[in-house]
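Residues per chain are reported as follows:
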Amino acid sequence: SLLAIAQLSKGWQKNPPGELQRVLTAAMAVCRNVIVALPMSPLVRNSTSVLLQRMILSLGHLVLEFLPGFLAPLISHCTLEEDVLDCSQLMNQTCIKFKDGACPAIDSSVVVFLRKVLAIQLHDADGTSTSDSLPPHLLTEQLSIRKQAFSTLHHIVTNKATAVLYSDANIGSLNDVLKLMVDGAVTVPDPVMSKTCSQFFVALIDQWSNEAAPRHVCDTFFDLVYTEFLPGMMQRILDNSFNLKDANQNRVFKEVCRGIWLLKQSNRQSEFHARFLSGLGSTNAVQNASSSKDIEAC
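For the structure given in this document, a descriptive report is provided here. Note that this is a predicted model, so its numbers are computed, not measured.

Quick notes on the rules
Residues numbered from 1 in each chain as written. Predicted model: local features only at pLDDT ≥ 70, side-chain atom pairs only at ≥ 80, totals over all residues. Heavy atoms only, no water. Helix = DSSP H or I, 4+ residues; strand = E, 2+ residues; numbered from the N terminus. Buried < 20%, exposed > 50% of the residue type's maximum accessible area, 1.4 Å probe, protein only. Contact = heavy atoms within 4.5 Å. Core = buried A, V, L, I, M, F, W, Y, C linked by side-chain atoms within 4.5 Å. Expected span 1.5 Å × (residues − 1). Polar contact = N/O pair within 3.5 Å; in protein donor to acceptor, adjacent residues only side chain to side chain. Phe/Tyr/Trp six-rings, centres within 6.5 Å; stacked < 30°, edge-to-face > 60°.

### Section: the overall build of the protein
Reasoning step 1: When helices and strands are counted, the protein shows 15 helices and 0 strands.
Reasoning step 2: Across the 298 residues that make up the protein, the buried fraction comes to 48%.
Reasoning step 3: For the protein, contacts bridging at least 24 residues in sequence account for 73% of all contacts bridging at least 6.

The following block contains the structure:
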């Protein structure tokens, strides 16, 4: 029945007739009761995710009030890589569709989802801790699971739903979230994931350099940018294994340069000079740069 409702909605990508809209809205309440009653069923979880993806398109803002009630059982019963992907896609789609309007709908789910992703990554199917020397196929699977955490945080920030990172529910985990993304940018071998995490930081630099978030949040963020993100990325870029001729690695390089340019242009220029420029052997080229392209040439 969940999939049948999803199929019914396919005839209306948006703005369904009022009568159908009322039917779909009423069906959402019934479907929420189904996932709450049967969260252990992989089929029910997957069908619910498909339904929600359709309802986001069909019902628009009307779906937002239902999402927390669906996300809670879906995330708490994530046991498979497919579950993680479904939950990530739901939150990503919500951010893309509603921008900062998504914040109330996903606020209570973000940190819970990240913790679930890390728990699944650190334990095998039997619930026992994995060893440091996993077979290549399991390492690939774990990295794929971790990628969903990076992707969701990237979508939150690049779609301006950033306020969830410092809401009352999540402020206590902000530092852990930032360190997770630093680790992804600096240490994960895959340059595509490194670029995703770097874009997260560049977007936050752009949004928070003019104090768009509470002062203590900005101070925490920029302290980590100067102590961990920039030093780690400079070390990665200067490593002999980093190949600027590789398209994906070149994108990582360009993102870091854009971040440096935004810091240079920000309202926190004195901090930029004291904590970044002073550590460079020669600062004139960076000081005189008039664009991120000039930073790339330094």
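### With respect to the nonpolar core
Reasoning step 1: One finds L153, L165, F200, F201, F221 and L230 to be the most contacted residues of the largest nonpolar core, which totals 88 residues.
Reasoning step 2: With 11 residues, the top contributor of residues to this core is helix α11 (residues 215-238).
Reasoning step 3: Excluding residues within four positions of it along the chain, F200 makes contact with L153, H154, V157, L165, L178 and M181.

### A look at helix α5 (residues 81-98)
Reasoning step 1: With 18 residues, α5 should cover 26 Å at 1.5 Å per step; its first-to-last C-alpha distance of 26 Å lies within 8% of that length.
Reasoning step 2: The complete set of buried residues in α5 reads D83, V84, D86, C87, S88, L90, M91, N92, Q93, T94, C95 and F98.
Reasoning step 3: K99 occupies a position one or two residues after α5 and carries a positive phi of about 55°.

### Observations regarding the side chain of T94
Reasoning step 1: Note that T94 resides in helix α5.
Reasoning step 2: Classification of T94 as buried rests on a relative accessible area of 2%.
Reasoning step 3: At 2.7 Å, the side chain of T94 forms a polar contact with the backbone oxygen of L90.
Reasoning step 4: Contact partners of T94, with chain neighbours within four places excluded, come to I56, L64, L67, K99, A102 and I106.

### A closer look at the packing of aromatic side chains
Each pair of aromatic rings is reported with the distance of its centres and the angle of its planes.
Reasoning step 1: Tallying each qualifying case throughout the model produces 7 aromatic pairs.
Reasoning step 2: When the ring of F200 is compared with that of F201, the centres are 5.3 Å apart and the planes differ by 85°; the resulting orientation is edge-to-face.
Reasoning step 3: Under the relative-accessibility criterion, F200 is labelled buried at 0%.
Reasoning step 4: Both rings, one in W208 and one in F221, keep their centres 5.3 Å apart while their planes meet at 90°; by these two values the pair is edge-to-face. Of this pair, W208 sits in helix α10 (residues 191-208) while F221 sits in helix α11; the two residues are 13 residues apart in sequence, bridging distant segments of the chain.
Reasoning step 5: Given the relative accessible area of 2%, W208 is considered buried.
Reasoning step 6: Judged by its relative accessible area of 0%, F221 falls in the buried class.
Reasoning step 7: Three or more aromatic residues link up through ring pairs in this structure, and these residues are Y166, F200, F201, W208, F221, F222 and F229.

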